[in-house]
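Given next are the chains, with one letter for each unit.
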Amino acid sequence: MPAPPLEPFRIKMVEAIPFLTRAEREARLHDAGWNVFNLQAQDVTIDLLTDSGTAALSQEQYAGLILGDAAYAGGRSYQHLESVIQDLFGFPEIIPTHQGRAAENLLCSLLLEPGQVVPSNDFFDTTRANVEAQGALPLNLAAEGMWDPTTPQPFKGDLDLEQLEGLLLESAPGAIPFGMVTITNNSRAGQPVSMANLRGISQRLHESGIPFFIDACRFAENAWFIRQREPGYADRSIRSIVREMFDLADGCTMSAKKDGLANSGGFLCLRDPALAERARNLLIRLEGFPTYGGMSGREMETIAIGLQEAVTDSYLEYRTGQVAYLGALLTGAGVPIFEPPGGHAVYIDAGRVLPQVPGSRFPAQQLVCEAYLEGGVRTVEVGSSMFGYPDPRTGEVHPPPLELVRLALPRRVYTSTHLQYVAETFAAVVERKETLYGLEMTWSPAVLRHFRARFAPVTERSAVALT
Ligand code: F0G
């Protein structure tokens, strides 16, 4: 068993966590329709639902909250944020937004027409929804084997360049308005994307005159993996790797709630001043004036400081070490995970835990619910509930490549002891896996159904056989 990583901070302020009885958790989960998105946070002991907006701020960021400038136009905090982003990412045009999906909306609204196709390694669900909202088709291009949870490849987040080549050759001019790569690849178990892959995508798209954008949410974690795993990068600074990644792109969308180490916020970066002019016009209608775009000055200060903390070696070593440590605890306890562990989360392979439960009975969603019942641990399903819905154009249901449970680690929040508790909780669930028969979806909304769908447990094995 590897040693837990040394935390590069000490704790200055604490927040008590709730402990409920098993009977109380059963009642809460029943009321929540067996969907942990419907639980109250006060009923959760360890919350691994997301790493988004859940970071603990540093003392420097708290100081920034006080220094934050509330000016509507031309505020000091915006200037601070703009200069940090320009320095780190190298893009000249910065469009602030209230969070990542607002930046995606701006980009998609400006560049997409109905019927067009946008290739990606894998879209995050809001990005995919923003592409679809314009009537365009989001296309995920994963190479053979990259969804195999048992192999040790270092860059399983990569886009398949051969499939990209095929798509470009068969597409009419103008059919592909841009390509987008998500780093790290949240939908594919938080796996990183190599610099070689980013370079290949950038070159190929640019040869065809197609702009290349990066979904940058977890750019610092991705840069760390490039340094650890890609030949030629071992002696490079994280900042120089970050710059090399973004030099390949024409812009990026960013959720500051991840590697911005902030509780909210986001931005769109662009190189093209004419596109930026159009983006600012839309920004004023949708988000706010171009020097705040839906964020407060205090928030912009926390992001300006957080972005710089996120690219330090001591932080990234601890951060990725914590995820790897949780992965090792789980595999040591007999819980199968997607290997290797990702940058922000460990993904449990629920398909291997509950082979008797078909996708139509949501095995990963059931595992999520059982971990809550067992120990008050909240995680999230990345499987048939999130992805296994009918294609909007054909009505066909495409099953997801894997049934996964994501254990996303909030940044700088939980200790190694908390992680041991999480692993013990899942180990206890896995011990009684034979008694689990899946869930039935009793209601679902029209879009992004996993957030609000309701379920009921299937209590008899015969019900599984019926599907
Ligand atoms: N892109 C990726 C890769 C993401 O993971 C997220 C959010 C977004 C875009 C949207 O950013 O939330 O600021 O609007 N992911 C969160 C998660 C919600 O739990 O993975 P946002």
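Residues numbered from 1 in each chain as written. Predicted model: local features only at pLDDT ≥ 70, side-chain atom pairs only at ≥ 80, totals over all residues. Heavy atoms only, no water.

Q: Even after reading the chapter, I still don't get the site of the ligand, so can you show me in this structure?
A: Around the ligand there are 17 residues in total, and Thr50, Arg101, Asp215, Ser255 and Lys258 lie nearest to it. At a separation of 2.6 Å, an oxygen atom of the ligand approaches a polar side-chain atom of arginine 101. The side chain of serine 255 places a nitrogen or oxygen atom 2.7 Å from an oxygen atom of the ligand. When the free accessible area of the ligand is taken as 470 Å², the share hidden by the protein chains comes to 94%. Here the shell around the ligand gets three residues from one element, more than from any other, and that element is helix H4 (residues 100-111). (Near = heavy atom within 4 Å. Polar contact = N/O pair within 3.5 Å; in protein donor to acceptor, adjacent residues only side chain to side chain. Areas by Shrake-Rupley, 256 points an atom, 1.4 Å probe, with all protein chains shown as cover. Helix = DSSP H or I, 4+ residues; strand = E, 2+ residues; numbered from the N terminus.)

Q: Explanation requested: the packing of helix H8 (residues 219-229) against helix H12 (residues 313-332) in the structure shown.
A: A pair of packed helices is characterised by two quantities: the angle between their axes and the separation of those axes. As a packed pair, H8 and H12 sit with axes 10 Å apart at the nearest point and diverge in direction by 90°. Taken together, the axes of H8 and H12 lie roughly perpendicular to each other. Facing Ala220, Glu221, Trp224, Phe225 and Arg227 of H8, the residues of H12 in contact are Asp313, Leu316, Glu317, Arg319 and Thr320. Per-class residue counts for the contact of H8 with H12 are four nonpolar, one polar and five charged. (Axes fitted to C-alpha atoms, helices over the stretch in contact; angles between N-to-C directions. Parallel < 35°, antiparallel > 145°, perpendicular 65-115°, else oblique. Contact = heavy atoms within 4.5 Å. Nonpolar A, V, L, I, M, F, W, Y, C, P; charged D, E, K, R; others polar.)

Q: What is the right way to read the sheet that holds strand E9 (residues 345-349) from this model?
A: Neighbouring strands of a sheet are bound in pairs by backbone hydrogen bonds; such pairs are parallel or else antiparallel. Pairing in this open sheet of three strands is antiparallel, and the strands run E9-E12-E11 from one edge to the other. Of all the strands in the sheet, just E9 and strand E11 (380-382) have a single pairing partner and so form its edges. Direction aside, neighbouring strands of the sheet carry axes that sit 35° apart on average. Relative to strand E12 (residues 404-408), E11 runs antiparallel, the two being bridged by three bridges. By the bridge assignment for E12, valine 380 is matched with arginine 406. Sitting on the sheet, H12 touches E9 and E12, and the angle it makes with E9 is about 25°. (Pairing = 2+ DSSP bridges.)

Q: Before we go on, may I ask you to explain the side chain of aspartate 47 in this structure?
A: In this fold, aspartate 47 is placed in strand E1 (residues 46-47). A distance of 3.3 Å separates a polar atom in the side chain of aspartate 47 from the backbone nitrogen of leucine 49. Contacts of aspartate 47, omitting those with residues within four sequence positions, involve Arg378, Pro410 and Tyr414.

Q: Would you mind showing me how to read the nonpolar core here?
A: The nonpolar side chains of a soluble globular protein tend to be buried, and buried together. Grouped together as the largest cluster of nonpolar side chains are 60 residues, with contacts concentrated most on Phe89, Phe219, Met245, Phe246 and Leu307. Those residues in contact with phenylalanine 219 that sit more than four places away from it in its chain are Leu88, Phe89, Ile183, Val242, Met245, Phe246, Met254, Asp259, Leu307 and Val311. Ranked by size, the runner-up nonpolar core spans 58 residues in total, among them Leu354, Leu407, Ala423 and Leu436. (Core = buried A, V, L, I, M, F, W, Y, C linked by side-chain atoms within 4.5 Å. Buried < 20%, exposed > 50% of the residue type's maximum accessible area, 1.4 Å probe, protein only.)

Q: Which parts of the structure should I look at to understand the packing of aromatic side chains?
A: The geometry of an aromatic ring pair is captured by two quantities: the separation of the ring centres and the angle between the planes. Under the criterion given, the structure shown has 11 aromatic pairs. Here the aromatic rings of phenylalanine 9 and tyrosine 318 are separated by 5.2 Å at their centres, their planes lie at 85°, and the arrangement is edge-to-face. Here the residue phenylalanine 9 occupies a position in the segment before helix H1 (22-31), and tyrosine 318 occupies one in helix H12, the gap between them amounting to 309 residues. Note on phenylalanine 9: relative accessible area 30%, which makes it partly exposed. Here tyrosine 318 falls in the buried class, since its relative accessible area comes to 2%. Here phenylalanine 91 and phenylalanine 246 contribute two aromatic rings whose centre-to-centre distance is 5.9 Å and whose plane-to-plane angle is 75°, an arrangement assigned as edge-to-face. With phenylalanine 91 in the loop between helix H3 (76-89) and strand E2 (93-97) and phenylalanine 246 in helix H9 (residues 238-247), this pair connects stretches of sequence that are 155 residues apart. Each of the two residues, phenylalanine 91 as well as phenylalanine 246, counts as buried. (Phe/Tyr/Trp six-rings, centres within 6.5 Å; stacked < 30°, edge-to-face > 60°.)

Q: What am I meant to see in the pairing of strand E5 (residues 179-182) here?
A: In summary, the side chains of a regular strand alternate between the two faces of the sheet. Of the two faces of E5, the one holding Gly179 and Val181 and the one holding Met180 and Thr182 are both buried throughout. Sheet analysis places E5 next to strand E6 (residues 212-215), joined by four bridges and oriented parallel. Counterpart to methionine 180 in the pairing with E6 is phenylalanine 213. Viewed along the sheet, the connection from E5 through helix H7 (residues 195-207) into E6 turns out right-handed. (Right-handed = clockwise from strand over helix to strand, strands pointing away.)

Q: How should H12 be read in this particular structure?
A: Along an α-helix, residues three or four apart share an orientation, since each turn contains 3.6 residues. For H12, built from 20 residues, the straight-helix expectation of 28 Å at 1.5 Å per residue is met to within 8% by its first-to-last C-alpha distance of 28 Å. Taken from the residues just after H12, glycine 334 is the one with a positive phi, measuring 85°. (Expected span 1.5 Å × (residues − 1).)

Q: I would appreciate a short explanation of the pattern of salt bridges in the present structure.
A: Opposite charge on two side chains allows them to pair when their charged atoms are near. Here the structure, examined in full by the defined rule, presents 23 salt bridges. Aspartate 87 serves as the salt-bridge partner of arginine 239, at 3.6 Å between the closest nitrogen and oxygen. Separated by 152 residues along the polypeptide, arginine 239 in helix H9 and aspartate 87 in helix H3 bring together distant segments of the chain. Arginine 236 serves as the salt-bridge partner of glutamate 244, at 2.7 Å between the closest nitrogen and oxygen. With a relative accessible area of 26%, arginine 236 lands in the partly exposed category. Three or more residues are tied together by salt bridges with common partners; here these are Asp51, Arg218, Glu221, Asp259, Arg319 and Arg411. (Salt bridge = Lys/Arg side-chain N within 4 Å of Asp/Glu carboxyl O.)

Q: In this structure, what is going on with helix H5 (residues 125-133)? I would like to understand it.
A: Within the span of H5, buried status applies to Asp125, Thr126, Thr127, Arg128, Asn130 and Val131. Where the residues of H5 are buried, they touch H4, strand E3 (117-120), strand E4 (137-140), E5, E6 and helix H15 (384-387). Just past H5, the residue glycine 135 takes up positive phi, approximately 80°.

Q: Can you help me understand the environment of leucine 139 in this one?
A: Along the chain, leucine 139 turns up in strand E4. The partly exposed category is assigned to leucine 139, whose relative accessible area is 26%. Separated by 229 residues in the primary sequence, leucine 139 and valine 368 have C-alpha atoms spaced 28 Å apart. Excluding residues that lie within four positions of it along the chain, leucine 139 makes contacts with Val117, Val118, Pro119, Ser120, Phe123 and Leu167.

Q: Explanation requested: unusual backbone geometry in the structure shown.
A: The phi angle of most residues is negative, glycine excepted, and most peptide bonds adopt the trans form. Cis rather than trans, the peptide bond between isoleucine 183 and threonine 184 has omega equal to -25°. Mapped onto the elements of the fold, threonine 184 is located in the loop between E5 and H7. Here the bond from glutamate 339 into proline 340 is cis, since omega is -15°, no more than 30 degrees from zero. A positive phi angle is found at phenylalanine 362, which is not glycine, with a value near 55°. Inspection of the secondary structure puts phenylalanine 362 in the loop between helix H13 (350-353) and helix H14 (363-375).

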